[in-house]
Amino acid sequence: MPVTYRAPKGTDDVLPPESRAWLRAEKTFIDLAEVFGYDIVLTPHFEATELFSRGVGEATEVVEKQMYTFTDKGGRSLTLRPEATASLVRAMVEAGGVRGTEKIAAWGPMFRYEKPQRGRRRQFYQGDIEYFGEPSPDADVEVIEFGYRYLEEMAVPDVVVALNSIGDVEDRAAYRNLLTTWLMERQDDLSDDARNRIASNPMRVLDSKADADIVAEAPAPVEHLADAAAEHFTQVQRGLRRLQIPYRIEARLVRGLDYYNRTVWEYLATSYEGAQDAAGGGGRYDGLFELLGGKPTPAVGVAMGIDRIMLMAGKRADQPALDAFVVIADPNRRDAGLDLVSELRRRGLRTDLDLAGRSVSAQFKAADRAAAAWAVVVGDEWADGKVTARNLATGEQETVAVEGIEAWLKGR
Ligand code: HAM
């Protein structure tokens, strides 16, 4: 039996033509980040394990169950990044901290040991922006708007922002006590998982699908905000209304990562059948810089889940992958064909050809398979300095002077 290799469970190969759509998704993300004033930052795909256990939080599902942790040959405990925010904060602290404000973006694969299903992968992609150093609620609004505009550009229909405030650290301490008492009184009715969480991380119980009916009645953090957090939340909502970004308050939204305070949100695509899955999520995290050894620095950010967005995105007509496919109709003119391909490529036109010396019809088939917009045929008319250009979608055909073929193709 020959050995067969498969991609690891919960990971995907992205092959053409789909890979082109992924590349467009990335380009759209980076371009939009630049439009909003965010600069790209590259960080390692693995970090010291402790960065995540501290940064994301010991008692989170991500740290408890989902980390890809390994020991390297030097005996260090390293973890494939399950998210980008802790790395980006670490990178800023390491570079000397944030002077004034800093707006950064990141893109790439993240790793979580999850139960794989549609839109829930073990290697998945996030596009991420972070606004460092700005406490204004208008920064939250800007970041929320960014994610919303990205989903608009990706043609994800019916997006609504599920919004909440979990208050500041002090508000949370008081609320945590209240919630703990409330949960203890009902512990006999809770799932084992939820009961075990009461002591370590009671807010996470609000997230528990198995206990949804019970926790629907629980006191919510947003009902117990101190004045400063409440005013901040009011201003965030005011900003969203001004920009006409649809949102609804989701009092039980607490998010799965521990670094948040005040504003948290997720984007839901309400007409998508897996609507319980968010297309992205983010929040404010004013305490994370200090937690990771930096100076106190207010911060807010978001990560968009590209795998899910690719599933939710409206199908666009497939764009041609090539501008031109050069068909060599006369084997004696092979050199002329090769020169033409080289010339078109140097002019920046996406160009290919078939090198196997096959029949003209086989070359046309190859042009179709390669998703070329035009076939450029090098045949008898080459003697008169001409080629035949055939539109592969419509079949329309034209004789064009070789001199100026680049300009002609670019003008189509
Ligand atoms: P998160 O909610 O854990 O937040 O992830 C953000 C998005 O990544 C999710 O809404 C989802 O679309 C996508 N995602 C998460 N896990 C998976 C998975 N296993 N498979 C496919 N997609 C997934 C964060 O990661 C925070 N770092 C966001 C943030 C940035 N907060 C502040 N700044």
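What counts and what doesn't
- Residues numbered from 1 in each chain as written.
- Predicted model: local features only at pLDDT ≥ 70, side-chain atom pairs only at ≥ 80, totals over all residues.
- Heavy atoms only, no water.
- Pairing = 2+ DSSP bridges.
- Helix = DSSP H or I, 4+ residues; strand = E, 2+ residues; numbered from the N terminus.
- Contact = heavy atoms within 4.5 Å.
- Axes fitted to C-alpha atoms, helices over the stretch in contact; angles between N-to-C directions.
- Buried < 20%, exposed > 50% of the residue type's maximum accessible area, 1.4 Å probe, protein only.
- Near = heavy atom within 4 Å.
- Polar contact = N/O pair within 3.5 Å; in protein donor to acceptor, adjacent residues only side chain to side chain.
- Areas by Shrake-Rupley, 256 points an atom, 1.4 Å probe, with all protein chains shown as cover.
- Nonpolar A, V, L, I, M, F, W, Y, C, P; charged D, E, K, R; others polar.
- Lys, Arg positive; Asp, Glu negative; His and termini not counted.
- Salt bridge = Lys/Arg side-chain N within 4 Å of Asp/Glu carboxyl O.
- Core = buried A, V, L, I, M, F, W, Y, C linked by side-chain atoms within 4.5 Å.

*Asks:* Please clarify how the sheet that holds strand β5 (residues 102-111) should be interpreted in this entry.
*Replies:* Strands pair in a sheet through their backbones, by hydrogen bonds, and they do so in one of two ways: parallel or antiparallel. With mixed pairing, the eight strands of this open sheet are ordered in space as β1-β5-β6-β11-β10-β9-β7-β8. Edge positions in the open sheet fall to β1 (39-40) and β8 (247-249), since each of these has one partner strand only. In the packing of helix α1 (residues 18-35) onto the sheet, the strands contacted are β1, β5, β6 (123-132) and β11 (299-305), and the crossing angle to β5 comes to about 160°.

*Asks:* Could you clarify how one ought to interpret the pairing of β5 in this entry?
*Replies:* The element β5 is extensively covered by neighbouring structure, given that eight of its 10 residues are classed as buried. Here β1 runs beside β5; their pairing, made up of two bridges, is parallel. Opposite I40, over in β5, you have A105 as the bridge partner. Relative to β6, β5 runs antiparallel, the two sharing 10 bridges. Among the inter-strand pairings, A106 is bridged to a residue of β6, identified as D128.

*Asks:* Would you explain the sheet that holds strand β14 (residues 372-378) in this entry?
*Replies:* Reading across the sheet, the five strands line up as β13-β12-β14-β15-β16 and stay open at both edges, with mixed pairing between neighbours. Taken across any chain shown, the strands that pair with only one partner, and hence form the sheet edges, are β13 (351-353) and β16 (397-401). Neighbour to neighbour, the strand axes of the sheet diverge by 30° on average, direction disregarded. As paired elements, strand β12 (residues 322-328) and β14 share six bridges and run parallel to each other. Residue pairing for β14: V327 is matched across the bridge by V377. Contacts from helix α13 (residues 360-369) reach β12, β14 and β15 (386-391), with the element oriented near 170° to β12.

*Asks:* How should the site of the ligand be read in this particular structure?
*Replies:* Near the ligand, the surroundings consist of 27 residues, among which E83, E114, R255, Y260 and A278 are the closest. The contact in question runs from an oxygen atom of the ligand to an N or O atom on the side chain of Q126, over 3.1 Å. Protein contact buries 96% of the 660 Å² of open area that the ligand shows by itself. Within the residue set of the shell around the ligand, elements represented by two or more residues are β6, β10 (280-284) and β11. The residue inventory of the shell around the ligand, partitioned by class, reads nine nonpolar, nine polar and nine charged.

*Asks:* Could you clarify how one ought to interpret the side chain of D171 in this entry?
*Replies:* Relative to the helices and strands, D171 is located in helix α6 (residues 169-185). No salt bridge is formed by the buried D171, whose closest oppositely charged neighbour, R262, lies at an N-O distance of 6.3 Å. Look past the residues within four positions of D171 in its chain and what remains in contact with it is H224, L225, A226 and A229.

*Asks:* Can you walk me through the nonpolar core in this structure?
*Replies:* The tendency in soluble globular proteins is for nonpolar side chains to be buried as a group. If you look at the biggest cluster of nonpolar residues, it comprises 44 residues, and the most contacted ones within it are Y150 and Y267. In terms of residue count, the dominant contributor to this core is helix α5 (residues 137-153) (eight residues). Core analysis: the next-biggest nonpolar cluster, separate from the first, contains 41 residues, Y175, W182, A218 and L257 among them.

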